[in-house]
Amino acid sequence: AAAFDEDCDLLFKAVLIGDSGVGKSNLLSRFAKDEFRVDSKPTIGVEFAYRNIKVGDKLIKAQIWDTAGQERFRAITSSYYRGALGALVVYDITRRSSYESVKKWLWELREFGKEDMVVILVGNKCDLSLSRQVEEEEGKGFAETEGLCFMETSALQNVNVEEAFLQMITKIHDVTT
Ligand code: GDP
Ligand code: MG
């Protein structure tokens, strides 16, 4: 499953999914900034970023894929999911419809993704609590029934962003080694 690379012990692919506008690209740039570049290739239709992370005694290269807006047209293809060991499924806590879409995204993950994929449910924009339309307990409860990890984040204020990605990467490491 996990591939090898000369300058790291393991290479993982993970994907970001969720409705357009929930903050996927900002979560990734927040996580990715400083240490690597974001390849922006709109003509191909995906962007991805790398980050090297030490888990135990292993150096892991995490390759995180972001959509280039295809989710707007429900045009994410199976190649986007191919080989992915993890996924962050993101909704916007101020937009209930994006939370209701999570079921659809999970269905798509189960259709195209690996069976044992590590999935983290992320309620983003927790800085906008005055406009909240999805209670934290509701997201957490849903994640529990689906057997997913859960976290509320703010890409804007840098709350739990690192934690969400690291939780996914650590869990991938645990299930693949
Ligand atoms: P994507 O379509 O899922 O990739 O979403 P983007 O990352 O492009 O973000 C969509 C909009 O939400 C942009 O206007 C962002 O500035 C805004 N946004 C993203 N994350 C947050 C956040 O944590 N808090 C707030 N207040 N706005 C955010
Ligand atoms: Mg985006």
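Residues numbered from 1 in each chain as written. Chains lettered and ligands numbered in written order. Predicted model: local features only at pLDDT ≥ 70, side-chain atom pairs only at ≥ 80, totals over all residues.

- The chain has the name Ras-related protein RABA6b-like in an unreviewed UniProt entry, where Senna tora is given as its organism.
- Per UniProt, the comment on the chain under Subcellular location (unreviewed entry) is "Endomembrane system".
- Listed in UniProt under the heading Sequence similarities (unreviewed entry), the comment for the chain reads: "Belongs to the small GTPase superfamily. Rab family." (UniProt positions renumbered as here; feature names shortened; annotations may be inferred.)

## A few points about the environment of Val 15
Right, so step 1: The residue Val 15 is located in strand 2 (residues 8-17) in this model.
Right, so step 2: Since 27 C-beta atoms lie within 10 Å of it, Val 15 is described here as buried.
Right, so step 3: In contact with Val 15, not counting residues within four places along its chain, are Trp 65, Tyr 80, Tyr 81, Ala 84 and Ala 87. (Helix = DSSP H or I, 4+ residues; strand = E, 2+ residues; numbered from the N terminus. Buried ≥ 20, exposed ≤ 12 C-beta atoms within 10 Å, placed from the backbone. Contact = placed C-beta atoms within 7 Å.)

## Things to note about the nonpolar core
General note: in soluble globular proteins, nonpolar side chains tend to be found buried as a group.
Right, so step 1: Ranked by size, the top nonpolar core spans 44 residues in total, and within it Ala 14, Val 15, Leu 16, Leu 88, Val 89 and Met 168 carry the most contacts.
Right, so step 2: Going through the elements one at a time, strand 2, helix 1 (24-32), strand 5 (58-67), helix 2 (78-81), strand 6 (86-92), helix 4 (102-112), strand 7 (118-124) and helix 6 (161-176) are the ones with two or more residues in this core.
Right, so step 3: Apart from the residues within four sequence positions on either side, Leu 16 is in contact with Lys 24, Leu 27, Leu 28, Ile 64, Trp 65, Asp 66, Thr 67, Leu 88 and Val 90. (Core = buried A, V, L, I, M, F, W, Y, C linked by C-beta atoms within 7 Å.)

## Examining the pairing of strand 6
A regular strand carries its side chains on alternate faces of the sheet.
Right, so step 1: The buried fraction of strand 6 is high, at 7 of 7 residues.
Right, so step 2: Side chains Gly 86, Leu 88, Val 90 and Asp 92 project from strand 6 onto one buried face, and the interleaved Ala 87, Val 89 and Tyr 91 project onto a second face that is buried too.
Right, so step 3: Pairing analysis gives 4 bridges linking strand 2 to strand 6, with the strands arranged parallel. Within strand 6, the residue paired with Ile 17 across the bridge is Val 89.
Right, so step 4: Judged from the 7 bridges that link them, strand 6 and strand 7 form a sheet pairing that is parallel. (Pairing = 2+ DSSP bridges.)

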